[in-house]
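# Geometric and topological summary
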Amino acid sequence: VWVERRGRIERTDVAFADERALRHAIERILAPLGRRVDEATPLCDARLPDGSRVNVVIPPLALDGPVLTIRRFRRRGLGPDELVAAGTIDPALRDFLCACVRARLTILVSGGTGSGKTTTLGALSSFIPDGERIVTIEDAAELRLRQPHVVRLEARPPSLEGRGEVTIRRLVRNALRMRPDRIIVGEVRGGEALDMLSAMASGHDGSLSTVHAGSPEEALRRVETLALMADVALPHAAIREQVASAIDLVVHQRRERDGGRRVVAVAQVVRAVGGPATRELYVRRDGRARWRAPLPDGLVERLVAVGWERRG
């Protein structure tokens, strides 16, 4: 058994007696959830009652025996001040992002696996005013929003008979009929990117989402690629135009060698010849944070209008 502590994976002194004992534990976890794994379906994703996510892979896909992965989450997500205390963001960046959310900028949080994208997304969502109706859409529910009017939607995998699947894309389309003020998509990883872009560009500004990417520039290219997976006869140029008009800001996060998660770049999405481009506003390198001055006048006006105080 391996456990992640403070961002590092450590081996424990706990071990299963044999492969049969591990398979028995897996069956006891999945059975109450109405799920199972066998040679016909050797992969399984599930969510426990406490919100933890479970992933199981068994032979023949797992060559050395069954693998059980459990991702546990806090009962209450980390807030912005806690991210400051953890070193993920600094106070000035917290105040800037707070103003961006309140000014209804559409924000995409990018980063690699385990970089803390969902945690940062949850912290950013805490800046949304209480009077707004928020619809969250996730593959497996992780977000713990504290506003009074939150509608949580979760995708559903197909049954053992291959029926009943409800995809993220279908939920995004349905969310548009639910009169949301903001739509939060936990992670964009497929054709739902096109529906999300359409929603963001058609009056649902201020929405939030995450995507796997190695930089703000790569995040935009990734969204373009995922939108093309929607299998809709749209030219690439039209999709790039939607990306440029729908997304305002990319917040890029990285998992450091010491196990810490830190926001290392914030970029504004701007139109350029041939499609969207990024304009770096904030960068953190070698432990030092720098702002790229001056900020665009149009952006400053929107932020000042919601109470942001520009310093320096």
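Residues numbered from 1 in each chain as written. Predicted model: local features only at pLDDT ≥ 70, side-chain atom pairs only at ≥ 80, totals over all residues. Heavy atoms only, no water.

### Quick word on the pairing of strand β10 (residues 208-212)
With 4 of 5 residues buried, β10 lies mostly within the body of the structure. Inspection of the sheet shows strand β6 (residues 107-111) paired to β10 by 5 bridges, in the parallel sense. Directly across from Ser110, in β10, lies its bridge partner Val211. With 2 bridges joining them, strand β9 (residues 182-185) and β10 adopt parallel strand pairing. (Buried < 20%, exposed > 50% of the residue type's maximum accessible area, 1.4 Å probe, protein only. Helix = DSSP H or I, 4+ residues; strand = E, 2+ residues; numbered from the N terminus. Pairing = 2+ DSSP bridges.)

### As for the sheet that holds strand β4 (residues 53-57)
Here we have 3 strands laid out as an open sheet, ordered β3-β4-β5, and antiparallel in their pairing. Both outer strands of the open sheet, β3 (43-47) and β5 (67-71), are each paired with one neighbouring strand and no more. Between one strand axis and the next, the sheet turns through 10° on average, direction left out of account. (Axes fitted to C-alpha atoms, helices over the stretch in contact; angles between N-to-C directions.)

### Focus on unusual backbone geometry
Backbone torsion omega between Pro59 and Pro60 reads 10°, so that peptide bond is classified as cis. Tracing the backbone through its elements, the reader meets Pro60 in the loop between β4 and β5. Located in the positive-phi region is Arg179, a residue other than glycine, with phi close to 55°. Mapped onto the secondary structure, Arg179 falls in the loop between α5 (168-175) and β9.

### Notes on the nonpolar core
Counting 35 residues, the largest nonpolar core has Ile137 and Ile247 as its most contacted members. At the level of secondary structure, the elements contributing two or more residues to this core comprise β7 (134-138), β8 (150-154), α5, β9, α6 (192-200), α7 (216-228) and α8 (236-246). For this core, the element with the highest residue contribution is α6, accounting for 6 residues. Judged by nonpolar contacts, the second largest core, of 34 residues, contains Leu93, Leu105, Ile134 and Leu145. (Core = buried A, V, L, I, M, F, W, Y, C linked by side-chain atoms within 4.5 Å.)

### Quick word on a nonpolar patch on the surface
A cluster of nonpolar side chains, Val1, Val14 and Phe16, forms an exposed patch at the surface whose accessible area comes to about 260 Å². With respect to the helices and strands, Val14 occurs in the loop between β2 (8-11) and α1 (19-30). Judged by relative accessible area, which is 48%, Val14 ranks as partly exposed. (Patch = residues over 30% accessible without salt bridge, like charges linked within 9 Å, V, L, I, M, F, W, Y side chains within 5 Å. Areas by Shrake-Rupley, 256 points an atom, 1.4 Å probe, with all protein chains shown as cover. Salt bridge = Lys/Arg side-chain N within 4 Å of Asp/Glu carboxyl O.)

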